[in-house]
Amino acid sequence: MQIVIAGSSGFLGSHLTSALRERGHDVIPLVRREAGAGESRWEPYSGQVDQGVIDAADAVVNVAGTRLLGNPHSAKYRRNLRDSRVFTTSVLADAVAASASRPAFIAQNASAWYGDHGTDVLTEDSDTRGDAFMTRVAREWQTATEPASRAGARVCLLRTVPVIHPDSLTLKVLVPAFRIGLGARLGDGQHYFPVISLRDWVDATTLLMESDTAAGPFNLCSPEPATNREFTDAFADAVGRRARLFVPAPVLRLGAGQLAPETLGSFRIEPAALTSLGYEFQDRDVREVMGRAFAG
């Protein structure tokens, strides 16, 4: 397959690109600098992408977006976080819709789309609730794919949870704190905090890309959801230090501002659509995910 990828230099995009090339696919990264061999330059904020590259593709993948780490109280940070996801998706969806070949569109999104549902089990058929910042972003992010689906393209929405790997932002932020004994649960720790291993995220995304029929939203998460307390305990065990602390919810709300629902909201998500496709997870729960991340 010929696959066009936006966001190929990021954490997920770089690992996905390597895996696809190992499987024999021809990957063309979209870049915002001068394009090198095998690359294509685009300017998503001005709506520019080489239509010929899209027309020749079997699949177009968007995993572009600024990092979540930043000042949540900054309007500029929140605007960049939103625009880097919505604008890139919109430009690519329009290009897919304009293509006579209708390549598949594999579009990154976030589990925040659901909003806080407490202890309710969430599948791809569940609704979206609330007015949290990232929930609003995820709704716009999904809406931006609609030109492609209306044009008849096969569109897969990747509702991704935190991906656990030594290269991931989650581990880079948390490992130093846990290793000096400052690991802590958030609030009472009873809210659900789903995760997925990098290898399952890559393999599941590849399955959706190579499928002829898969379409719609897909929860990319391990099949056995964990609470934040269980996540904290598994993380602490993986680094060999106990986590006895906790961060009170009011402190989190003050510090995280409009992004506080991402740390205190409960997302008991299950990958029902992936399971129905026959995908078999290599890392089924938080301890297996952590064991894989810290192996070797």
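Residues numbered from 1 in each chain as written. Predicted model: local features only at pLDDT ≥ 70, side-chain atom pairs only at ≥ 80, totals over all residues. Heavy atoms only, no water.

S.K.: Would you mind showing me how to read the pairing of strand β2 (residues 26-31) here?
M.R.: Remark: a regular strand shows side chains that alternate across the two faces of the sheet. Most of β2 is tucked away, with 5 of its 6 residues classed as buried. Pairing between strand β1 (residues 2-6) and β2: 5 bridges, direction parallel. When the sheet's bridge partners are listed, Val-4 is paired in β2 with Ile-28. In this fold, the crossover linking β1 to β2 by way of helix α1 (residues 11-22) has right-handed handedness. Pairing of β2 with strand β3 (residues 40-41), which is carried by 2 bridges, proceeds in the parallel orientation. Within the sheet, the bridge partner assigned to Leu-30 lies in β3 and is Ser-40. (Buried < 20%, exposed > 50% of the residue type's maximum accessible area, 1.4 Å probe, protein only. Helix = DSSP H or I, 4+ residues; strand = E, 2+ residues; numbered from the N terminus. Pairing = 2+ DSSP bridges. Right-handed = clockwise from strand over helix to strand, strands pointing away.)

S.K.: Teacher, can you tell me more about the sheet that holds strand β11 (residues 216-220) here?
M.R.: Backbone-to-backbone hydrogen bonds join strands into a sheet, with any given pair of strands oriented parallel or antiparallel. With parallel pairing, 7 strands are arranged side by side in an open sheet as β3-β2-β1-β4-β5-β7-β11. In this open sheet, the two edge strands, each paired with only one partner strand, are β3 and β11. Pairing of strand β4 (residues 59-62) with strand β5 (residues 104-110), which is carried by 4 bridges, proceeds in the parallel orientation. Bridge assignment links Ala-59 to a residue of β5, and that residue is Ala-104. Relative to β4, helix α3 (residues 75-98) is tilted by about 170°, and along the sheet it contacts β1, β2, β4 and β5. (Contact = heavy atoms within 4.5 Å. Axes fitted to C-alpha atoms, helices over the stretch in contact; angles between N-to-C directions.)

S.K.: What is the right way to read unusual backbone geometry from this model?
M.R.: Excluding glycine, residues mostly carry a negative phi; peptide bonds, for their part, are mostly trans. With a phi close to 50°, Arg-102 is a non-glycine residue in the positive phi region. By secondary structure assignment, the location of Arg-102 is in the loop between α3 and β5.

S.K.: Help me out: how do you make sense of the layout of surface pockets in this one?
M.R.: The method is simple in principle: a probe with the dimensions of a water molecule rolls over the atoms, and the space it marks as empty is what remains. The space that makes up the second largest pocket amounts to roughly 190 Å³. Ala-19, Ile-164, His-165, Pro-166, Ser-197, Leu-198, Arg-199, Val-202, Asp-203, Arg-292 and Ala-293 are the residues that line the second largest pocket. Counting only elements with at least two residues in the lining of the second largest pocket, the list comes to α7 (198-210) and α12 (286-294). Ranked by the residues each element gives to the lining of the second largest pocket, the list is headed by α7, at 4 residues. The residue inventory of the lining of the second largest pocket, partitioned by class, reads 6 nonpolar, 2 polar and 3 charged. (1 Å grid on protein atoms, 1.4 Å probe; cavity = no way out; pocket = protein on both sides within 12 Å on 5 of 7 lines; lining within 4 Å. Points joined across faces, edges and corners; volume = space filled by probe spheres on them. Nonpolar A, V, L, I, M, F, W, Y, C, P; charged D, E, K, R; others polar.)

S.K.: Looking at this structure, how should I read the packing of aromatic side chains?
M.R.: Inspection of the entire model under this criterion finds 6 aromatic pairs. Note on Phe-231 and Phe-235: the rings are 5.7 Å apart at their centroids and 70° apart in plane angle, and the pair reads as edge-to-face. Here the residue Phe-231 and the residue Phe-235 both occupy positions in helix α8 (residues 228-239), the gap between them amounting to 4 residues, near one helical turn. Of the two residues, Phe-231 and Phe-235, both sit in the buried class. Taken together, the ring pairs in this structure connect Phe-193, Phe-231, Phe-235 and Phe-294 into an aromatic cluster. Between Arg-159 and the ring centre of Trp-113, over which it is positioned, the NZ or CZ distance is 3.7 Å. (Phe/Tyr/Trp six-rings, centres within 6.5 Å; stacked < 30°, edge-to-face > 60°. Lys NZ or Arg CZ within 6 Å of the ring centre and 35° of its normal.)

S.K.: How should I be thinking about the state of the cysteines in this particular structure?
M.R.: Structurally, a disulfide amounts to a covalent bond that connects the sulfur atoms of two cysteines. Per the stated rule, a full pass over the model turns up 0 disulfides. With no disulfide of its own, Cys-221 has Cys-156 as its nearest cysteine by sulfur position, at a separation of 16 Å. Cys-221 sits in the buried class, given a relative accessible area of 0%. (Disulfide = S-S within 2.5 Å.)

S.K.: Would you take a moment to explain the packing of α8 against α12 for this structure?
M.R.: The packing of two helices is summarised by the inter-axis angle and the distance between the axes. Two numbers describe how α8 lies on α12: the axes approach to 9 Å, and their chain directions differ by 30°. In terms of axis orientation, α8 runs roughly parallel to α12. Both α8 and α12 take part in a crossing whose hand is right-handed. Taken together, the residues of α12 that come into contact with α8 (itself represented by Glu-230, Phe-231, Asp-233, Ala-234, Phe-235, Asp-237, Ala-238 and Val-239) are Val-286, Arg-287, Met-290 and Phe-294. Residue composition of the contact of α8 with α12, grouped by class: 8 nonpolar, no polar and 4 charged. (Parallel < 35°, antiparallel > 145°, perpendicular 65-115°, else oblique. Left-handed = near helix turned anticlockwise from the far one by under 90°.)

S.K.: It is not clear to me how the nonpolar core should be interpreted in this structure. Could you clarify?
M.R.: Where a protein is soluble and globular, its nonpolar side chains tend to be buried together. Core analysis: the largest hydrophobic core is formed by 37 residues, its most contacted members being Ile-5, Leu-16, Val-61, Trp-201, Met-209, Phe-218 and Leu-274. For this core, the secondary-structure elements that each account for two or more residues are β1, α1, β4, β5, β7 (155-160), α7, β11 and α11 (272-276). Among the elements that take part in this core, α7 stands out by supplying 6 residues, more than any other. Apart from the residues lying within four places of it in its own chain, the contact partners of Ile-5 are Leu-16, Thr-17, Leu-20, Val-27, Ile-28, Pro-29, Leu-30, Val-61 and Val-63. Grouped together as the second largest cluster of nonpolar side chains are 22 residues, Ile-28, Val-53, Ala-107 and Ala-153 included. (Core = buried A, V, L, I, M, F, W, Y, C linked by side-chain atoms within 4.5 Å.)

S.K.: Hey, could you run me through the packing of helix α6 (residues 169-179) against α8 in this one?
M.R.: At a closest axis distance of 10 Å, the pairing of α6 and α8 adopts a crossing angle of 70°. In terms of axis orientation, α6 runs roughly perpendicular to α8. Every pair of crossing elements has a handedness; the one defined by α6 and α8 is right-handed. Every residue of α8 that contacts α6 at Thr-170, Leu-171, Leu-174, Val-175, Phe-178 and Arg-179 is listed here: Phe-231, Thr-232, Phe-235, Ala-236 and Val-239. The residue inventory of the contact of α6 with α8, partitioned by class, reads 8 nonpolar, 2 polar and 1 charged.

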